[in-house]
Amino acid sequence: MYLAFGGAIGSEFLPHLDEGAIWVRGTLSQSVGPTEAYRLVRQARLIFSSYPEVTQVISQVGRPDDGTDATGFFNTEYFVDLKPRDHWRPVFKET
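The rules behind each value
- Residues numbered from 1 in each chain as written.
- Predicted model: local features only at pLDDT ≥ 70, side-chain atom pairs only at ≥ 80, totals over all residues.
- Heavy atoms only, no water.
- Helix = DSSP H or I, 4+ residues; strand = E, 2+ residues; numbered from the N terminus.
- Contact = heavy atoms within 4.5 Å.
- Expected span 1.5 Å × (residues − 1).
- Buried < 20%, exposed > 50% of the residue type's maximum accessible area, 1.4 Å probe, protein only.
- Arc of directions from axis to C-beta.
- Salt bridge = Lys/Arg side-chain N within 4 Å of Asp/Glu carboxyl O.
- Phe/Tyr/Trp six-rings, centres within 6.5 Å; stacked < 30°, edge-to-face > 60°.
- Core = buried A, V, L, I, M, F, W, Y, C linked by side-chain atoms within 4.5 Å.

Peer 1: I'd love a proper account of the overall build of the chain, names of residues and values included.
Peer 2: Counting its regular elements, the chain contains two helices and three strands. A separation of at least 24 residues holds for 62% of the contacts in the chain among residues at least 6 apart in sequence.

Peer 1: Could you give an account of helix α1 (residues 34–49), with specific residues and numbers?
Peer 2: Here α1 spans 22 Å end to end across 16 residues, near enough to the 22 Å set by a 1.5 Å rise per residue. Considered for burial, the residues of α1 that qualify are A37, V41 and A44. One face of α1 carries all of its buried residues, which in axial projection span an arc of 65°. Facing away from the buried side of α1 by over 90 degrees, the exposed positions are T35, R42 and L46.

Peer 1: Can you break down the pattern of salt bridges residue by residue, with the values?
Peer 2: Summed over the entire model, instances satisfying the criterion amount to three salt bridges. The partner of R39 in a salt bridge is E36, and the shortest N-O contact between them spans 2.7 Å. A residue pair is termed a helical-turn pair when its members lie 3 or 4 positions apart in one helix, as R39 and E36 do in helix α1 at three residues.

Peer 1: Talk me through the packing of aromatic side chains; I want residue IDs and the actual numbers.
Peer 2: Going through the model one piece at a time under the given rule, you end up with two aromatic pairs. Centre to centre, the rings of W23 and F79 are 6.3 Å apart; their planes meet at 50°, and the pair counts as tilted. Here W23 is found in strand β1 (residues 21–27), whereas its partner F79 is found in strand β3 (residues 75–82), with 56 residues between them in sequence. For W23, a relative accessible area of 55% puts it in the exposed group.

Peer 1: Before we move on, could you go through the nonpolar core and cite the residues and values that matter?
Peer 2: Core analysis: the largest hydrophobic core is formed by eight residues, namely V41, A44, V54, V57, Y78, V80, L82 and W88. Going through the elements one at a time, α1, β2 (54–61) and β3 are the ones with two or more residues in this core. Sort the elements by how many residues they give to this core and β3 lands first, with three residues. Among residues more than four places away in sequence, those in contact with V54 are F48, S49, V80, D81 and L82.

Peer 1: Report on the environment of S31, specifying residues and quantitative values.
Peer 2: With respect to the helices, strands and loops of the structure, S31 is situated in the loop between β1 and α1. On the basis of relative accessible area, S31 is assigned to the exposed category, the value being 68%. When the C-alpha positions of S31 and F73 are compared, they lie 9.9 Å apart, and in sequence the two are 42 residues distant.

Written as structure tokens, this is what we have:
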């Protein structure tokens, strides 16, 4: 008995998504305090926004208030909005 695949596995179920943004999730040490967490988030936002392809960065520290996500207070999330692909530097336009 053998198993053979043709093409990319799972491509028929998961279409390519390119919505022009990146969602980043970071996990800090569980022992980090709020002051240090905010400092690290500000530093990460500066790094993300230093790329000319980025239009804005929105961040969150902690877990959602509605309880829909089972993460802790040490969770960080970033929404990194990007310019249209034709405004990117040539090195990032390659596939």
